[in-house]
2 protein chains.
Amino acid sequence: MTDWSFYGRDRFEEARSALEGKAHVTPVARCRALSEMAGCDLAFKCENLQRVGAFKFRGAFYMLSTLAEAERARGVITYSSGNHAQAVALAASFFKTRAVIVMPEDASGVKLAATRGYGAEILQHGFTPQERQVFATHLADERRLTMVPPYEDPRILLGQGTVLTELLEQEPTLEVVLVPVGGGGLLGGICAAARAFRPALEVYGVEPEVADDWARSMEAGRILRIRSANTIADGLRSLEPGAIPFPIVKEIVRGILRVNEDDIRRAMLLLLTRAKVVAEPSGAVSVAGALVHAARFRHRRVAAIISGGNVEPATLAEIATPPH
Amino acid sequence: MTDWSFYGRDRFEEARSALEGKAHVTPVARCRALSEMAGCDLAFKCENLQRVGAFKFRGAFYMLSTLAEAERARGVITYSSGNHAQAVALAASFFKTRAVIVMPEDASGVKLAATRGYGAEILQHGFTPQERQVFATHLADERRLTMVPPYEDPRILLGQGTVLTELLEQEPTLEVVLVPVGGGGLLGGICAAARAFRPALEVYGVEPEVADDWARSMEAGRILRIRSANTIADGLRSLEPGAIPFPIVKEIVRGILRVNEDDIRRAMLLLLTRAKVVAEPSGAVSVAGALVHAARFRHRRVAAIISGGNVEPATLAEIATPPH
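Residues numbered from 1 in each chain as written. Chains lettered and ligands numbered in written order. Predicted model: local features only at pLDDT ≥ 70, side-chain atom pairs only at ≥ 80, totals over all residues. Heavy atoms only, no water.

**Q** Tell me what's going on with the environment of A:Glu121, and back it up with residues and numbers.
**A** Residues and elements named next belong to chain A. Residue position: Glu-121 is located in strand β5 (residues 121-124). Spatially, the C-alpha atoms of Glu-121 and Ala-196 are 38 Å apart, while their sequence positions differ by 75 residues. Beyond its immediate sequence surroundings of up to four residues, Glu-121 is in contact with Arg-98, Ala-99, Val-100, Ile-101 and Arg-143. Separated by 3.4 Å, the side chains of Glu-121 and Arg-143 make a polar contact. (Helix = DSSP H or I, 4+ residues; strand = E, 2+ residues; numbered from the N terminus. Contact = heavy atoms within 4.5 Å. Polar contact = N/O pair within 3.5 Å; in protein donor to acceptor, adjacent residues only side chain to side chain.)

In structure tokens form, the structure reads like this:
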């Protein structure tokens, strides 16, 4: 059971003020062609233009802001290899403390350089997320560093939920919001914020059908683990829903929508060529959901969260190459 | 000789008010990584987010707004095959009049569809710009349509010059502006606006070195025609400077900078992956100029005009494919 008192309006407002002047207030964009294709008023909440190019900065910065000064001064650690790693690295640099990031031994040079560019100390260990998590947890203990997990902490959800509280001010008449879901930090935060600020808002998660741990788990009513998540949407390769977000999402969400890999590529290319929005595959999944499941949203006021924009050139080349 | 009284502050202010609520006030973006690479404070004026995806809407709409009602009601015509065609088509639809666009017989289906999508009548004729211009001029005469040329009219320059008057309000301490130059409508308008509003501003044109009609003409002090302009920047394939913009630019501009094809591709890819800005090749030329000629702009406050964002998937695939 979720203790909803932890996700009251005051908690989100506290997160908003901690982020004020630190995180960007990201713009809302629209594109007539895409609204027409989706048959609804389709707005894009551009977290691709957030610091580090993804919403992840909100949760990481907010969590660091809640730490006692002595605890924060000892430093923080995380084990993500993607946007969360950069978010923790940048947030730590804002607080002039150090971040240790455990990355896989086969991490790309680009990602290593980007994370190092934010001033983090990088340790490469193992190849699977599990190996990294175990290693990082031991290291946190040994070096007395605070773990900043990608989604397994309520403060992370509060930070990510500010995407919605901000969006509701920008789009006061919003009826539907579509949210990419990997581990569930963003979807959980948005569900909790919707409950606090706008219970009538319809929240949907969207995920790749080849990484449908959320859809299956929701259908089963409990957390299920899938065997593989071989999707182009590298931020959504979770094998199971997070234990903190799952019960929140379960109670609030109207559904988890599946999209296939071509849907994701097509949404990315349409965002680029029509809306001039640079979305990474994980960030375009919400728009894919609006297009594929258009019948559900006909004539309504819909926002798709563009959760990030950090895309590799090879992925750009792939999605731009016909046929689509 | 240019009659500068036509390009006084009052004329630009008139164009600004005609465009108010019609053209978008486009945002200014920045990206720390690109500023660091260029060694200056590098801002992007995002005309890729203008209506029809390019600055061209400003000039076309403003020119149409100056026509007598009866003249406008008879309809307008142009012979561009690119962004100007869509700009004229959309502007005409705003005034509920018709636009005839003469496009080449080998125009891509995508471009035909986009222009038709704005409600224009399309006639396909010939293969070269000259053939289209002659045909369109005869047709204008025959059907009593008003020609809206891409850059050979002072009203077009006034409209395009509002990019700068708007930018100066957004960036009051700007020192340098870099402008892609093809026919010269945008550069001419910006030079004239700089003269009227901020004579100390340093205006530079930037063009592909394989389409360096402006650089050569400036060096010669008179309009020269080049033989070919085989550049990826399809909006900058002019073979000679426009007769209306040339004398204006000649008097005001600090220089025309050349960039090569790889510089353009690299700037486009950096804009996409780092700044999350979708620029077409012509629109990225200004950023290529800032990077290649960085020594000239060290530590200064520089704006690069991202003139448009209409990029074909094949071009995206090309620029994203290594090595760059």
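**Q** Quick one: what's the story with the nonpolar core, residue by residue and with numbers?
**A** Side chains of nonpolar character tend, in soluble globular proteins, to be buried together. By size, the foremost hydrophobic cluster in this structure holds 84 residues, and its most contacted members are A:Phe44, A:Leu178, A:Leu271, B:Phe44, B:Leu178 and B:Leu271. B:Leu178 has contacts with B:Tyr204, B:Val206, B:Leu257, B:Ser286, B:Gly289, B:Ala290, B:Phe297, B:Val302, B:Ala303, B:Ala304 and B:Ile305, leaving out every residue within four places of it along the chain. (Core = buried A, V, L, I, M, F, W, Y, C linked by side-chain atoms within 4.5 Å. Buried < 20%, exposed > 50% of the residue type's maximum accessible area, 1.4 Å probe, protein only.)

**Q** Explain the packing of helix α12 (residues 261-275) of chain B against helix α13 (residues 281-292) of chain B to me, using residue names and the numbers behind them.
**A** Residue and element names in this part refer to chain B. Taken N-terminus to C-terminus, the directions of α12 and α13 make an angle of 100°; their axes are 8 Å apart at the nearest point. Between α12 and α13, the crossing angle belongs to the class labelled roughly perpendicular. Each of Asp-263, Ile-264, Arg-266, Ala-267, Met-268, Leu-270 and Leu-271 in α12 lies in contact with α13, whose residues at this interface are Pro-281, Ala-284, Val-285, Val-287, Ala-288, Leu-291 and Val-292. Residues of the contact of α12 with α13, tallied by class, amount to twelve nonpolar, no polar and two charged. (Axes fitted to C-alpha atoms, helices over the stretch in contact; angles between N-to-C directions. Parallel < 35°, antiparallel > 145°, perpendicular 65-115°, else oblique. Nonpolar A, V, L, I, M, F, W, Y, C, P; charged D, E, K, R; others polar.)

**Q** Quick rundown of the interface of chain A and chain B? Include the residues and the values.
**A** Opposite the 22 residues of chain A that make contact, chain B presents 22 residues. Buried surface at the junction of chain A and chain B, summed over both partners, amounts to about 1500 Å²; 69% is from carbon and sulfur atoms. Across the chain A-chain B interface, the total number found is zero salt bridges. Between the two partners, chain A and chain B, sit four residue pairs in polar contact (both at pLDDT 80 or more). Listed by contribution, the elements that provide at least two residues to the side of chain A that touches chain B are α12 (261-275) and α14 (313-320) of chain A. For the side of chain A that touches chain B, the leading source of residues is α14(A), giving five residues. Per-class residue counts for the side of chain A that touches chain B are 14 nonpolar, six polar and two charged. (Buried area = accessible area lost by both parts, 1.4 Å probe. Salt bridge = Lys/Arg side-chain N within 4 Å of Asp/Glu carboxyl O.)

**Q** Before we move on, can you summarise the relation of the copies chain A and chain B with the specific residues and values?
**A** The two copies are related by a screw motion: chain A maps onto chain B through a turn of 180° and a shift of 0.0 Å along the axis, at an RMSD of 0.0 Å. Viewed as a symmetry operation, the transformation between the two copies matches a two-fold axis. Relative to the rotation axis, the C-alpha of A:Ala317 is the closest in chain A, positioned 2.1 Å from it. Of all interface residues in chain A, 100% are interface residues in chain B too; the two copies therefore contact each other through one and the same surface. (Least-squares fit on C-alpha atoms with pLDDT ≥ 70 in both.)

**Q** Residue-level account of the sheet that holds strand β8 (residues 202-208) of chain B, with values.
**A** Residues and elements named next belong to chain B. Sheet architecture is open: six strands sit in the order β1-β2-β10-β7-β8-β9, paired in mixed fashion. With one partner strand each, in any of the chains shown, β1 (28-30) and β9 (255-259) form the two edges of the open sheet. Neighbouring strand axes in the sheet, compared pairwise and without regard to direction, differ in orientation by 30° on average. In the sheet, strand β7 (residues 176-180) pairs with β8 via five bridges, with the strands oriented parallel. Looking across to β8, one finds that Val-177 is bridged to Val-203. Taken strand by strand, helix α9 (residues 185-197) contacts β7, β8, β9 and β10 (301-306), and its axis lies near 170° from that of β8. (Pairing = 2+ DSSP bridges.)

**Q** Explain the pattern of salt bridges residue by residue, including any values.
**A** Under the criterion given, the structure shown has 37 salt bridges over all chains. Taking the shortest distance from any N to any O, the salt bridge between B:Glu166 and B:Lys45 comes out at 2.6 Å. Residue B:Glu166 is located in helix α8 (residues 154-170), and its partner B:Lys45 is located in strand β2 (residues 41-46); the two are separated by 121 residues in the primary sequence. Both residues of the pair, B:Glu166 and B:Lys45, count as buried. Residues B:Glu175 and B:Arg300 are paired through a salt bridge, measuring 4.0 Å at the closest nitrogen-oxygen approach. Here B:Glu175 is found in the loop between α8 and β7, whereas its partner B:Arg300 is found in the loop between α13 and β10, with 125 residues between them in sequence. When salt bridges that share partners are traced, they join A:Lys45, A:Glu47, A:Arg58 and A:Glu166 into one network.

**Q** Tell me what's going on with α8(B), and back it up with residues and numbers.
**A** Residue and element names in this part refer to chain B. Here α8 contains 17 residues, and its C-alpha end-to-end distance of 25 Å stays within 8% of the 24 Å for a straight helix at 1.5 Å per residue. The sharpest bend along α8 reaches about 25° and sits at Gly-161. With 13 of 17 residues buried, α8 lies mostly within the body of the structure. A distance of 2.8 Å separates the backbone nitrogen of Arg-155 from a side-chain oxygen at the start of α8, and that oxygen is part of Asp-153. (Expected span 1.5 Å × (residues − 1). Bend = angle between axes of the 7 residues up to and from the residue.)

**Q** Account for the environment of B:Asn83, with residues named and values stated.
**A** Residue and element names in this part refer to chain B. Checked against the element boundaries, Asn-83 lands in helix α5 (residues 83-94). Residue classification places Asn-83 among the buried positions, given a relative accessible area of 17%. The contact partners of Asn-83, leaving out residues within four places of it in the chain, are Val-52, Ala-54, Lys-56, Glu-280 and Asn-310. A polar contact is formed between the side chain of Asn-83 and the side chain of Asn-310, at a distance of 2.8 Å.

**Q** Outline the pairing of β2(B), supporting the account with residue identities and numerical values.
**A** Residues and elements named next belong to chain B. Burial runs high along β2: five of the six residues are buried. Pairing between β1 and β2: three bridges, direction antiparallel. In the sheet register, Arg-30 faces β2, and the bridge partner there is Ala-43. Note: β2 against β10, six bridges, orientation parallel. Bridge pairing in β10 places Lys-45 opposite Ile-305.

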